[in-house]
Amino acid sequence: MQNQVFGEAGIGNVTLDNFLSQDQEFQELQLNLIAIHVVSEEVGADKFEESILRAPDPNNKMRMAKTVMEEYGHHIRYRELLDELGLDWREVCAEKAHLTTFDTPIDTWADQMAFLALVDRAAAHQFRHFIKSPYQPFREASQKTLNEEYGHVGFGMDGIKEFLTRGEEGAKIVRHTVWKWLPVAIASFGSDQSATNDRLRYWGIKTQTNREMKQAYYDQVRAFITKDWGTDIPDSFDAFLEAADNRQETAAA
C-alpha cells in the first residue's frame, strides 16, 4: 500500500514518522479511533472475564480465558500505538467513553456466546475497513485484532450451536439472545446520519456509510439466523429494529 492513495482526500500511506505532519483533522480522527479501542477493549475484557466461571465445562472455560486474554491484548496493542507517537495514553483516553456495546449486561453463558457470534462479528465488519486505512501502524494492529476477532466469532457460533442441540428449550434460549443482542450489534455501527462517518470516509479510514455497513452485516447474519438458528427475523434491519422496540415495550407494559 506504499503508493496507494486513500479516500476522497487522496492521502498517501501514513507512517509513524510522518503521522504528526498530517492534516489536523486526520490526526484527530485517527487518534480518536485508537483511544476508543484502548478504552473499550479493556472494558470488554473486564466484562468478559466474568464469563470464564459461567462456562459449562473446562474446555469452554479455557476458550473463554483465551478470549479474555486476547481482549486485554487488544487494549495493550492500541495503547502502544499512542506510546509510539510519544503520547501519554492515559491523558489521551482520560475523557474517552467506552463503546455503549458494553452497557448491555452479559447475564448468562448464552448471552456471552451470542455476544461473540453477533456483536464481535459486527466489530469484525468494521475492522475490515481499518485494515485498508491510511495509517500503517493502525492498519497492522487492526489486522492482528481482526484475526483474533474471527476466532471469537467462531467460538460464539460453536456455543450457539451447542444450545441448538437441546431441542426446543435451547432454541428458545437462542431466540431470546437474538432479540437481545442483534439490536446491540446493529447500533454499534453508529448513526445513519453520522457526520463523523462522512469525514472518516473522506480520509479513507472507512469506505462505507454506517447504513451501508449495517445492511451488509444484517444480510449476512439474517441468512444464518433464519436458516441455521431457526429464528425468524424481518427482511430489513429497519423492520427488525422496529419489531425489537415493540417487543421491549410489550415486555415493559
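See above for the structure.
To start, this report covers the structure provided alongside it.

Quick notes on the rules
- Residues numbered from 1 in each chain as written.
- Predicted model: local features only at pLDDT ≥ 70, side-chain atom pairs only at ≥ 80, totals over all residues.
- Heavy atoms only, no water.
- Helix = DSSP H or I, 4+ residues; strand = E, 2+ residues; numbered from the N terminus.
- Rg over C-alpha atoms; globule rule 2.2 N^0.38 Å.
- Buried < 20%, exposed > 50% of the residue type's maximum accessible area, 1.4 Å probe, protein only.
- Contact = heavy atoms within 4.5 Å.
- Lys, Arg positive; Asp, Glu negative; His and termini not counted.
- Charge placed at Lys NZ, Arg CZ, Asp CG, Glu CD.
- Polar contact = N/O pair within 3.5 Å; in protein donor to acceptor, adjacent residues only side chain to side chain.
- Expected span 1.5 Å × (residues − 1).
- Bend = angle between axes of the 7 residues up to and from the residue.
- Axes fitted to C-alpha atoms, helices over the stretch in contact; angles between N-to-C directions.
- Parallel < 35°, antiparallel > 145°, perpendicular 65-115°, else oblique.
- Left-handed = near helix turned anticlockwise from the far one by under 90°.
- Nonpolar A, V, L, I, M, F, W, Y, C, P; charged D, E, K, R; others polar.
- Salt bridge = Lys/Arg side-chain N within 4 Å of Asp/Glu carboxyl O.
- 1 Å grid on protein atoms, 1.4 Å probe; cavity = no way out; pocket = protein on both sides within 12 Å on 5 of 7 lines; lining within 4 Å.
- Points joined across faces, edges and corners; volume = space filled by probe spheres on them.
- Core = buried A, V, L, I, M, F, W, Y, C linked by side-chain atoms within 4.5 Å.

The next point concerns the overall build of the chain. Counting its regular elements, the chain contains nine helices and zero strands. In the chain, the succession of helices and strands from N to C terminus is α-α-α-α-α-α-α-α-α. For 253 residues, the compact-globule estimate of 2.2 N^0.38 gives 18 Å, and the C-alpha radius of gyration of the chain, at 19 Å, lies within 12% of that figure. Along the longest, intermediate and shortest principal axes, the C-alpha atoms of the chain span 60 × 40 × 35 Å. Scored against the burial criterion, the 253 residues of the chain give a buried share of 46%. Considering only contacts within the chain whose residues lie at least 6 apart along the sequence, 73% involve residues at least 24 apart. Side chains of the chain give 27 positive and 41 negative charges; the mean places of these two sets differ by 5 Å.

All right, on to the environment of T165 then. Here T165 lies in the loop between α5 (136-163) and α6 (167-187). Looking at T165, its side chain comes within polar contact range of the main-chain oxygen of E162, at 2.5 Å.

Here helix α4 (residues 109-130) is 22 residues long and its end C-alpha atoms lie 30 Å apart, about the 32 Å a rise of 1.5 Å per residue gives. Along α4, the helix axis deviates most sharply at F115, where the bend reaches about 35 degrees. Within α4, 20 of the 22 residues are buried, which leaves the element mostly enclosed by the surrounding structure. Two to three positions downstream of the cap, the backbone nitrogen of A110 sits 3.4 Å from a side-chain oxygen, assigning the N-cap of α4 to T108.

Glancing now at the packing of α6 against helix α8 (residues 210-227). The interhelical angle for the contact between α6 and α8, taken along N-to-C directions, is 160 degrees, at an axis separation of 11 Å. Judged by the inter-axis angle, α6 sits roughly antiparallel to α8. Regarding α6 and α8, the two cross each other, and that crossing is right-handed. Here V178, L182, A185 and I186 of α6 lie close against α8, whose contacting residues are K214, Y217, Y218, V221 and I225. Considered class by class, the residues forming the contact of α6 with α8 number eight nonpolar, no polar and one charged.

What follows deals with the pattern of salt bridges. This structure, assessed with the given rule, holds 14 salt bridges. Measuring nitrogen to oxygen at the nearest pair gives 2.6 Å for the salt bridge that ties R175 to E168. For R175, a relative accessible area of 30% puts it in the partly exposed group. When the shortest N-O distance is used, the salt bridge between D235 and R222 registers 2.7 Å. Here R222 lies in helix α8 and D235 lies in the loop between α8 and α9 (237-252), a separation of 13 residues in the sequence. You can call D235 exposed: its relative accessible area is 62%. One network of salt bridges, in which partners are shared, links D192, R211, K214 and D238.

Here the largest pocket defines a volume of roughly 690 Å³. Contributing to the lining of the largest pocket are 33 residues, with I36, L99, Q126, S188 and K206 lying nearest its centre. Within the residue set of the lining of the largest pocket, elements represented by two or more residues are α1 (24-49), α4 and α7 (195-202). Looking at side-chain class alone, the lining of the largest pocket contains 15 nonpolar, 13 polar and five charged residues.

This next bit is on the environment of R54. Tracing the backbone shows R54 in the loop between α1 and α2 (58-84). C-alpha separation for the pair R54 and L85, spaced 31 residues apart in sequence, amounts to 39 Å. With near-sequence residues (within four places) excluded, R54 lies in contact with I106, D107, T108 and W109.

All right, on to the side chain of H129 then. Within the secondary structure, H129 is located in helix α4. Once you skip the residues sitting within four places of it in the chain, H129 turns out to touch I205, K206, T207, Q208 and M213.

Moving on, we come to the nonpolar core. If you look at the biggest cluster of nonpolar residues, it comprises 40 residues, and the most contacted ones within it are L118, L182, Y217, I225 and W229. Sort the elements by how many residues they give to this core and α4 lands first, with ten residues. In this structure L118 touches V178, W181, L182, A185, Y217, V221, F224, I225 and W229, once residues within four positions along its chain are discounted. One finds I34, L85, A124 and L146 within the second-largest nonpolar core, a separate group that totals 29 residues.

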